There are 2 protein chains.
Amino acid sequence: MLKHPFDEAIALAADERGGYTGQSHPAYGNMVGPFGGVIGATLLNAVMSHPSRLGDPVALTVHYASPIVDAGFTVHARAIRTNRSTQHWFIELSQGEQVAAFATAVTATRRETWQETAARFPQVPPPEQIVRAPVEPRWSWTGRYDMRFIEGGLVMSDANGDSAQTQLWICDHPPRALDFLSLSAICDAFFPRILIRRPEWTPASTVSLTTYFHADAAQLSGHGSAAVLGVACAPHFGKGFFEQSAEIWSAAGVLLATSHQIVYFKS
Amino acid sequence: MLKHPFDEAIALAADERGGYTGQSHPAYGNMVGPFGGVIGATLLNAVMSHPSRLGDPVALTVHYASPIVDAGFTVHARAIRTNRSTQHWFIELSQGEQVAAFATAVTATRRETWQETAARFPQVPPPEQIVRAPVEPRWSWTGRYDMRFIEGGLVMSDANGDSAQTQLWICDHPPRALDFLSLSAICDAFFPRILIRRPEWTPASTVSLTTYFHADAAQLSGHGSAAVLGVACAPHFGKGFFEQSAEIWSAAGVLLATSHQIVYFKS
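Thresholds, definitions, all that
- Residues numbered from 1 in each chain as written.
- Chains lettered and ligands numbered in written order.
- Predicted model: local features only at pLDDT ≥ 70, side-chain atom pairs only at ≥ 80, totals over all residues.
- Heavy atoms only, no water.
- Helix = DSSP H or I, 4+ residues; strand = E, 2+ residues; numbered from the N terminus.
- Contact = heavy atoms within 4.5 Å.
- Areas by Shrake-Rupley, 256 points an atom, 1.4 Å probe, with all protein chains shown as cover.
- Lys, Arg positive; Asp, Glu negative; His and termini not counted.
- Charge placed at Lys NZ, Arg CZ, Asp CG, Glu CD.
- Core = buried A, V, L, I, M, F, W, Y, C linked by side-chain atoms within 4.5 Å.
- Buried < 20%, exposed > 50% of the residue type's maximum accessible area, 1.4 Å probe, protein only.
- Expected span 1.5 Å × (residues − 1).
- Buried area = accessible area lost by both parts, 1.4 Å probe.
- Salt bridge = Lys/Arg side-chain N within 4 Å of Asp/Glu carboxyl O.
- Pairing = 2+ DSSP bridges.
- Least-squares fit on C-alpha atoms with pLDDT ≥ 70 in both.
- Phe/Tyr/Trp six-rings, centres within 6.5 Å; stacked < 30°, edge-to-face > 60°.
- Lys NZ or Arg CZ within 6 Å of the ring centre and 35° of its normal.

(A) How the structure looks around the overall build of chain A. A tally of regular secondary structure across chain A gives five helices and 13 strands. Along the first, second and third principal axes, the C-alpha atoms of chain A reach 55 × 45 × 45 Å. Sequence separation of 24 or more characterises 68% of the internal contacts of chain A that already satisfy a separation of 6 or more. Just so you have it, chain A exposes about 10,300 Å², and 54% of that area is on carbon and sulfur atoms. Charge centroids of chain A, computed over 19 positive and 23 negative side chains, lie 4 Å from each other.

If you want it as structure tokens, here you go:
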């Protein structure tokens, strides 16, 4: 069976020093280097693959420390602390002698407790009623997603340019069953909010991205390859950085994950 | 001049190995061990004190990896990557041979750019019109803040128990000029949302907390010791963890910082 390109892109091979080696993948190229969502998923994959991992991912913070070159890299994950039901991780991705990206993560044994979602699942048309957005040629990774924008796509009319909000249905293209790895990448598949709010070109790149996983492994394995609803906004822009937040929902209105990031922008 | 207790609590002494030593402070005790906001500020202080620091804090993610004992600790900060205008940090706090807390941070040279705040500054009465909340005897750190709740204090009437939202004016007690260190601690000075939403006792503890600083050093130095407005909510509770978010505003309606955390809870 052919491997899905996402699985090829995040693939890690164990090396002889307890770490892993990987390689950037042309199907997930960004303007410069690889799509950040795939970098984050690769770092998380080092945890998911680790023989001493405890439980499911609960939190992941990825630092994009420098531009990543389209080439090979090494990844090393270590459990900094293992408790009875939670585990704290530090993961580094290096090219040559330099750390190009790193992450921290929490994994935990999830269990049933009281639950409530105060965030609001929006009323939106189903994905079948929306046309798939064209691939953005500057970013080859956009061809690896089926994106159907309800609001806030990349090319905005002037009338919509006063908001940084986006709503879209999104899934892997070709389809792939959702798991923590692909969910983490989808959390970073929202265009930089500055380009939605001000439809003119400006350099922008994520500096640090934190994802919280609200679904556990059983919920995700029941999801299959259906599209998820992504909602993104930007609470603040200023002094060279903006904050961007996103929610990822199942079509049934279950909040699967949220993410928050701080993004460098030029002007 | 007497040192402010906050400065005593986050004080670090350089050791001979390029690290620091510190000590938990009784004025900032929590139910078990020290108040997490002071732990985070202590980790950030290791960056602020570092001779090779570049610029102001932009992001701080603190992992509370295990309960911290009321005793001495060592702190070590290293710049993982230094770019032209940004720097990425990793900081560890150890007790004995074990890492009890760790953090990542981004510092950066801030500069003027286009700016906009989409988050909403709420209409609230000024702090002078609100009575200071009593100190919560289980948590000595609450005595080190002047907290004036507009909505969502710890003891809620049944009528308000259906929301996890809080609005309060908060400042150090006794007064202290706001800086990145005290601002980072205030971002963690919101009671666990589960106790606001369901006014019954349940164990809860922060696992990972991310703070984004939207103000730069010049803005903060002009702030003085005035109270800031804190707004907190919880987008989701479930499967043993909840997400909690907060905004910190100046009285003039400037968004100084935001924070997001994932919190363990028992029931």
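After presenting the structure, the write-up continues.
(B) Here's a closer look at the nonpolar core. Judged by nonpolar contacts, the single largest core of 65 residues is most densely connected at B:Phe6, B:Tyr28, B:Leu43, B:Ile91, B:Leu93, B:Trp141 and B:Tyr145. Here this core gets eight residues from one element, more than from any other, and that element is helix H2 (residues 36–48) of chain B.

(C) Summary view of helix H2 (residues 36–48) of chain A. Residues and elements named next belong to chain A. Between its first and last C-alpha, H2 extends 18 Å over 13 residues, near the 18 Å set by a 1.5 Å rise per residue. Judged by how many residues are buried, H2 sits mostly within the fold: twelve of 13 residues are covered. Within the sequence span of H2, burial applies to Gly-36, Gly-37, Val-38, Ile-39, Gly-40, Ala-41, Thr-42, Leu-43, Leu-44, Asn-45, Ala-46 and Val-47.

(D) Structural context of the interface of chain A and chain B. Between chain A and chain B, the residue contacts involve 63 residues of the former and 63 residues of the latter. Buried surface at the junction of chain A and chain B, both sides included, amounts to about 5,500 Å², of which 56% is carbon and sulfur. Remark: the boundary between chain A and chain B carries eight salt bridges. Its salt-bridge partner being A:Lys239, residue B:Glu112 comes within 2.9 Å of it at the nearest N-O pair. Sort the elements by how many residues they give to the side of chain A that touches chain B and strand E6 (residues 98–108) of chain A lands first, with eight residues. Two elements, strand E7 (residues 116–117) of chain A and strand E11 (residues 228–238) of chain B, share two bridges in a ladder whose sense is antiparallel. Each residue of the ladder has a partner; that of A:Glu116, found in E11(B), is B:Phe237.

(E) Structural view of the pairing of strand E9 (residues 166–172) of chain B. Residues and elements named next belong to chain B. The element E9 is largely enclosed, with a buried count of seven among its seven residues. Across six bridges, the pairing between strand E8 (residues 145–151) and E9 is antiparallel. Each residue of the ladder has a partner; that of Arg-148, found in E9, is Trp-169. Strand direction decides the pairing type here: E9 and E11, joined by five bridges, are antiparallel. Counterpart to Trp-169 in the pairing with E11 is Leu-229.

(F) Region of interest: the pattern of salt bridges. Enumeration over the complete set of coordinates arrives at 18 salt bridges over all chains. Between A:Arg78 and B:Glu92 there is a salt bridge, with the nearest N and O atoms lying 3.8 Å from each other. One end of the pair, A:Arg78, is in strand E4 (residues 72–82); the other, B:Glu92, is in strand E5 (residues 86–95), on a second chain. Judged by its relative accessible area of 34%, A:Arg78 is partly exposed. One salt-bridge network, held together by shared partners, links A:Asp7, A:Arg176 and A:Asp179.

(G) Structural context of the side chain of A:His223. Mapping A:His223 onto the fold places it in the loop between helix H5 (217–221) and strand E11 (228–238). Ignoring any residue separated from it by four or fewer positions in sequence, one finds A:His223 in contact with A:Leu178, A:Val228, A:Ser250 and A:Leu256.

(H) Fine view of the pairing of strand E10 (residues 204–213) of chain B. All names here are of chain B. Taking burial as the measure, the ten residues of E10 include eight buried ones, the bulk of the element. As judged from the nine bridges shared by E10 and strand E13 (residues 255–265), these two strands associate in the antiparallel manner. Residue pairing in the sheet places Ala-204 in a bridge with Phe-265 of E13.

(I) Highlighting the relation of the copies chain A and chain B. Each copy of the sequence occupies a distinct position, and chain A is placed on chain B by a rotation of 180° and an axial shift of 0.0 Å, giving an RMSD of 0.0 Å. Viewed as a symmetry operation, the transformation between the two copies matches a two-fold axis. A symmetric contact is evident, with 100% of the interface residues of chain A recurring at the interface of chain B.

(J) Inspection of unusual backbone geometry at higher detail. Residues and elements named next belong to chain A. Pro-174 follows His-173 through a cis peptide bond whose omega is 0°. Despite not being glycine, Lys-239 has its phi angle at roughly 55°, a positive value. Within the fold, Lys-239 resides in the loop between E11 and strand E12 (241–249).

(K) Inspection of the packing of aromatic side chains at higher detail. Tallying each qualifying case throughout the model produces 35 aromatic pairs over all chains. Seen from their ring centres, A:Phe6 and A:Tyr28 are 6.0 Å apart, and the 70° between their planes marks the pair as edge-to-face. A residue pair is termed long-range when its members are at least 10 positions apart, and A:Phe6 in helix H1 (residues 5–9) and A:Tyr28 in the loop between strand E2 (20–23) and H2 qualify at 22 residues. Among the residues examined, A:Phe6 registers a relative accessible area of 0% and is labelled buried. By relative accessible area, which is 1% here, A:Tyr28 ends up buried. When the ring of B:Phe35 is compared with that of B:Trp141, the centres are 4.1 Å apart and the planes differ by 10°; the resulting orientation is stacked. Residue B:Phe35 is located in the loop between strand E2 (20–23) and H2, and its partner B:Trp141 is located in the loop between strand E7 (116–117) and E8; the two are separated by 106 residues in the primary sequence. For the pair B:Phe35 and B:Trp141, a shared accessibility class is recorded, and that class is buried. An aromatic cluster is built from A:Phe35, A:Trp139, A:Trp141, A:Tyr145, A:Phe149, A:Phe191 and A:Trp201, whose rings are joined through pairwise contacts. For the cation-ring pair, A:Arg138 lies above A:Trp139, with the distance from its terminal atom to the ring centre recorded as 5.9 Å.

(L) Molecular detail of the environment of B:Gln23. All names here are of chain B. Its place among the elements puts Gln-23 in strand E2. Considered as a pair, Gln-23 and His-260 are 237 residues apart in the sequence and their alpha carbons are 26 Å apart. The contact partners of Gln-23, leaving out residues within four places of it in the chain, are Ala-9, Ala-71, Gly-72 and Phe-73.

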